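# Notes for the structure review
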Amino acid sequence: MKVSAKGEYGVRAMAILALEFRAGPIPLREIANREGISYQFLEQIFLPLRRAGLIDSVRGAKGGYVLARPPDEIKVGDILRALEGPIAPVECVGEGNTDACGRSAACLTRGIWEKLRDTMSEVLNDITLADVIKMSADTT
C-alpha cells in the first residue's frame, strides 16, 4: 500500500491540530501555510476527516478546526482509513472484500498479503497523534 498525498497531508494536518490541541480552533489557511499544502486540497482532505468524526469545525471570526477527541485517542490508522479507505496491500485482502477474488481459496500468495495487511494495520493502529508529536520532538 502506498499512501497518497491525500493520506500524507491529512496526517500532517492532523498533527498540527494535535500540536495546537489546547490552543483552540486553527484556521485551515494557517495549517495550509505551515505545512506548505494547497488550501483547496486541504479543504478536500478535511471533509472526509470531519465525516469520520476525527475533526470538528468551528465557525466565526475565531473559527477553524479542532480535533474531535484528544490526540492520544486518534490513531494514524483512523486518519488513513478515512482518507484512503481500507488498509490493504492488495484489494483481495481489504476489509470487507471477502468476495473480491474468486481464487482466494486456491491462492498461494494470499497468506503473504494477509500478514502484510495485519502488520500494517497493527503499526498504524498503535500510533496516536500524541505519539506523532512525541516522535517529532524526539527527532529535533
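Report on the accompanying structure. (Residues numbered from 1 in each chain as written. Predicted model: local features only at pLDDT ≥ 70, side-chain atom pairs only at ≥ 80, totals over all residues. Heavy atoms only, no water.)

### Observations concerning the side chain of Arg110
Along the polypeptide, Arg110 turns up in helix H5 (residues 110-126). Among the polar contacts made by the side chain of Arg110, one reaches the main-chain carbonyl oxygen of Cys92 at a distance of 3.3 Å. (Helix = DSSP H or I, 4+ residues; strand = E, 2+ residues; numbered from the N terminus. Polar contact = N/O pair within 3.5 Å; in protein donor to acceptor, adjacent residues only side chain to side chain.)

### Section: the nonpolar core
In this structure, Met14, Leu17, Leu42, Phe46, Leu49 and Ile79 are the most contacted members of the largest nonpolar core, which totals 30 residues. Looking at this core, the elements with two or more residues in it are helix H1 (5-19), helix H2 (28-35), helix H3 (39-51), strand S2 (64-67), helix H4 (76-84), H5 and helix H6 (129-139). The element that contributes the greatest number of residues to this core is H1, accounting for seven residues. Excluding anything up to four places from it in sequence, Leu17 contacts Ile26, Ile31, Phe46, Ile55, Tyr65, Val66 and Leu67. (Core = buried A, V, L, I, M, F, W, Y, C linked by side-chain atoms within 4.5 Å. Buried < 20%, exposed > 50% of the residue type's maximum accessible area, 1.4 Å probe, protein only. Contact = heavy atoms within 4.5 Å.)

### Notes on the packing of aromatic side chains
Evaluated as defined, the whole model comprises two aromatic pairs. Their ring planes at 80 degrees and their centres at 5.7 Å tell us that Tyr9 and Phe41 sit as a pair that is edge-to-face. Of this pair, Tyr9 sits in helix H1 while Phe41 sits in helix H3, placing them 32 residues apart in sequence. Look at Tyr9 and you get partly exposed, because its relative accessible area is 24%. Aromatic side chains Phe46 and Tyr65 sit 4.8 Å apart centroid to centroid with 80 degrees between the ring planes, which places their arrangement in the edge-to-face category. Of this pair, Phe46 sits in helix H3 while Tyr65 sits in strand S2, and the two are 19 residues apart along the sequence. The class for Phe46 is buried, based on a relative accessible area of 1%. Residue classification places Tyr65 among the buried residues on the basis of a relative accessible area of 15%. For the cation-ring pair, Arg29 lies above Tyr39, with the distance from its terminal atom to the ring centre recorded as 3.9 Å. (Phe/Tyr/Trp six-rings, centres within 6.5 Å; stacked < 30°, edge-to-face > 60°. Lys NZ or Arg CZ within 6 Å of the ring centre and 35° of its normal.)

### A short note on the packing of H1 against H6
At a closest axis distance of 9 Å, the pairing of H1 and H6 adopts a crossing angle of 85 degrees. Between H1 and H6, the interaxial angle falls into the category roughly perpendicular. Between H1, through Met14, Ala15, Ala18 and Leu19, and H6, the contact on the second element is made entirely by Leu129, Val132 and Ile133. (Axes fitted to C-alpha atoms, helices over the stretch in contact; angles between N-to-C directions. Parallel < 35°, antiparallel > 145°, perpendicular 65-115°, else oblique.)

### Points about the pairing of S2
Here strand S1 (residues 55-58) pairs with S2 via four bridges, running antiparallel. Its bridge partner lying in S2, Ile55 is registered against Leu67. (Pairing = 2+ DSSP bridges.)

### Some remarks on H1
Here H1 spans 21 Å end to end across 15 residues, near enough to the 21 Å set by a 1.5 Å rise per residue. Within the span of H1, buried status applies to Gly7, Gly10, Val11, Ala13, Met14, Ala15, Ile16, Leu17 and Ala18. Residues of H1 that are buried sit in contact with H2, H3, S1, S2, H4 and H6. (Expected span 1.5 Å × (residues − 1).)

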